[in-house]
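# Reading the structure
One-letter residues, chain by chain:
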Amino acid sequence: ENKNLHLVLAGGYDPQLPENREVYKELKTLVNKEGLEHKVTFMPSFSDDDKVALLTKCLAVVYTPSNEHFGIVPVEGMYFEKPIIAVNNGGPTES
C-alpha cells in the first residue's frame, strides 16, 4: 500500500444530466463510507491552469467514457508523457 497516492477525479461532469448527478453522489457516498476522504479529490470542473497542473503532477491518466468519438484527454495525457489507461472503444483506440 502506497500511503502517498491520491486519486483525483477530474472533469466529465455535467450537472444538467441526471445520470451525472447520480454517479457523482454515489461516488462521494462510497468515498465517505470507505473513509477515503483524505485520499480522493473530486474536481467536477477546473480551469486550464488546473488541468496543466494535474497533468504535470499525475502518475497516469485514466479515461473511462465509452463510445466517445474522439476523446482529447488521452491525447493531452500523451503530450505530458503520462501512461494512459482508457476504454477499448471509440476515439481512444485511435489515439
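Residues numbered from 1 in each chain as written. Predicted model: local features only at pLDDT ≥ 70, side-chain atom pairs only at ≥ 80, totals over all residues. Heavy atoms only, no water.

### A short note on the packing of aromatic side chains
Rules: When two rings of Phe, Tyr or Trp (its six-membered ring) have centres within 6.5 Å they constitute a pair, described as stacked for plane angles under 30 degrees, edge-to-face for angles over 60, and tilted for the intermediate range. Numbering of helices and strands runs from the N terminus, with a helix taken as a DSSP run of H or I at least four residues long and a strand as a DSSP run of E at least two residues long. A 1.4 Å probe rolled over the protein chains alone gives each residue an accessible area, and that area as a share of the maximum for its type sets the label: buried under 20%, exposed over 50%, partly exposed in between.
With the rule as written, the count across this model stands at three aromatic pairs. Between the aromatic rings of Y24 and F42, the centroid separation amounts to 5.5 Å while the plane-to-plane angle is 75 degrees, which identifies the pairing as edge-to-face. Of this pair, Y24 sits in helix α1 (residues 18-33) while F42 sits in strand β2 (residues 40-43); the two residues are 18 residues apart in sequence, bridging distant segments of the chain. The exposure class of Y24 is partly exposed, given its relative accessible area of 26%. Given the relative accessible area of 16%, F42 is considered buried. With a centroid separation of 5.4 Å and 80 degrees between ring planes, the pair formed by Y79 and F80 is classed as edge-to-face. Judged by relative accessible area, which is 69%, Y79 ranks as exposed. Using a relative accessible area of 25% as the deciding quantity, one classes F80 as partly exposed.

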